[in-house]
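Notes for the structure review
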Amino acid sequence: MAETALRRGVNTYQFGPFVPYAQSRTGFGIRKYVRNDGVTDQPSTLDYPLLRYAEVLLTYAEARFEHDGIISDEDLNRTVNALRDRVGMAHLTNEFVTSNHLDMRTELRRERSVELALEGLRYDDLIRWKEAEIRLPQDVLGARFIAGEWGSVSPGSLEDKLTAQNVLIVEEGTSRFFDPKKDYLYPIPSNDIAQSRGNVEQNPNWK
């Protein structure tokens, strides 16, 4: 996660040492795909990946499990654990999942959400898993507030609420909506419908 999110005090590419909330409303700073050099002339020397090999591996692991209902430790080693080995993280195994009363599907999806964080894939994943109506209306949470680590910020100076565990509520679920009867499909452009000569109809509830 050190290559994904900034910790307090780490120099950012523009604002000096990172201070949670003062420089990011969520309390998290973005480190992924950001370089500290080239700020003045902004040469954009860092290529943005269109498809990462990590996504290929995680998609393969998920596909194996969804097709077979199980995934072998051998396939886990080829995919999830190949990524974990980069940082010396413990392996995900069937024995670990069983002994800790976990669910392999949930663990594979969690691995994807962590590895591919901030890469613009989360919404499509929720649509594909048909979990959007469950996940999207929930509160959007930020970092945990820790007194003394957020500079001069205090609970009273926060514009946002905190949970009972002092976790920042960036956006309340009551302001977020997802209609499962409509929002799993995008609307078809009116021009495409008109040019189809009656062969294409608008998706349900978008008329």
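Structure: see above.
Report follows, based on the coordinates. All values reported here derive from a predicted model rather than from experimental measurement. The residue count restarts for each chain, going from 1 along the sequence in the order it is written. In keeping with the predicted nature of the model, local features appear solely for residues at pLDDT of at least 70, side-chain atom pairs appear and are counted solely at 80 or more, and the whole-chain, interface and lining totals rest on all residues. The side-chain numbers reported here are obtained from all heavy atoms of the structure, hydrogens and water having been left aside.

**Some words on the environment of Thr98**
Within the secondary structure layout, Thr98 lies in helix H4 (residues 94–99). In the structure, Thr98 is positioned 73 residues away from Arg25 in sequence and 38 Å away in space, judged by C-alpha atoms. In this description a helix means any DSSP run of H or I spanning at least four residues, a strand means any run of E spanning at least two, and both kinds are numbered starting from the N terminus.

**Things to note about a nonpolar patch on the surface**
What makes a patch is a set of residues exposed beyond 30% relative accessible area and free of salt bridges, joined within 9 Å when like-charged and within 5 Å when nonpolar (Val, Leu, Ile, Met, Phe, Trp, Tyr). Residue burial considers only the protein chains on display, and all accessible areas are found by Shrake-Rupley using a 1.4 Å probe. We define a salt bridge as a side-chain nitrogen of Lys or Arg found within 4 Å of a carboxyl oxygen belonging to Asp or Glu. Taken together, Leu50, Leu51, Tyr53 and Val56 make up a surface patch of nonpolar side chains, about 510 Å² in accessible area. Looking at where Val56 falls in the secondary structure, it is placed in helix H1 (residues 53–68). Buried means the residue's accessible area, taken with a 1.4 Å probe over protein chains only, is under 20% of the maximum for its type, while exposed means over 50%, and partly exposed covers the values in between. Residue class for Val56 comes out partly exposed when judged on its relative accessible area of 38%.

**Focus: the pattern of salt bridges**
Under the defined criterion, the tally for this structure stands at 21 salt bridges. The salt bridge partner of Asp125 is Arg112, with a shortest N-O separation of 2.7 Å. Residue Asp125 is found in helix H6 (residues 122–128), and its partner Arg112 is found in helix H5 (residues 104–115); the two are separated by 13 residues along the sequence. By relative accessible area, Asp125 is classed as buried at 5%. Between Lys161 and Glu172 there is a salt bridge, with the nearest N and O atoms lying 3.5 Å from each other. With Lys161 in strand E4 (residues 161–162) and Glu172 in the loop between strand E5 (167–171) and helix H8 (190–195), this pair connects stretches of sequence that are eleven residues apart. In this structure, a network of salt bridges that share partners links the residues Lys32, Arg52, Arg86, Glu115 and Glu119.

**What about unusual backbone geometry?**
The backbone phi angle of Leu118 is positive, close to 65°, even though this residue is not glycine. With respect to the helices and strands, Leu118 occurs in the loop between H5 and H6.

**Brief notes about the nonpolar core**
What makes a nonpolar core is a set of buried Ala, Val, Leu, Ile, Met, Phe, Trp, Tyr and Cys residues whose side-chain atoms join them at distances within 4.5 Å. With 15 residues, the main nonpolar core has Ile71, Leu76, Val80, Leu92, Met104 and Leu108 as its most contacted residues. Those elements that provide at least two residues to this core are H1, helix H3 (80–84) and H5. For this core, the element with the most residues is H1, which contributes five residues. Within the second largest apolar cluster, eight residues are counted, among which are Ala143, Leu158, Leu168 and Val170.

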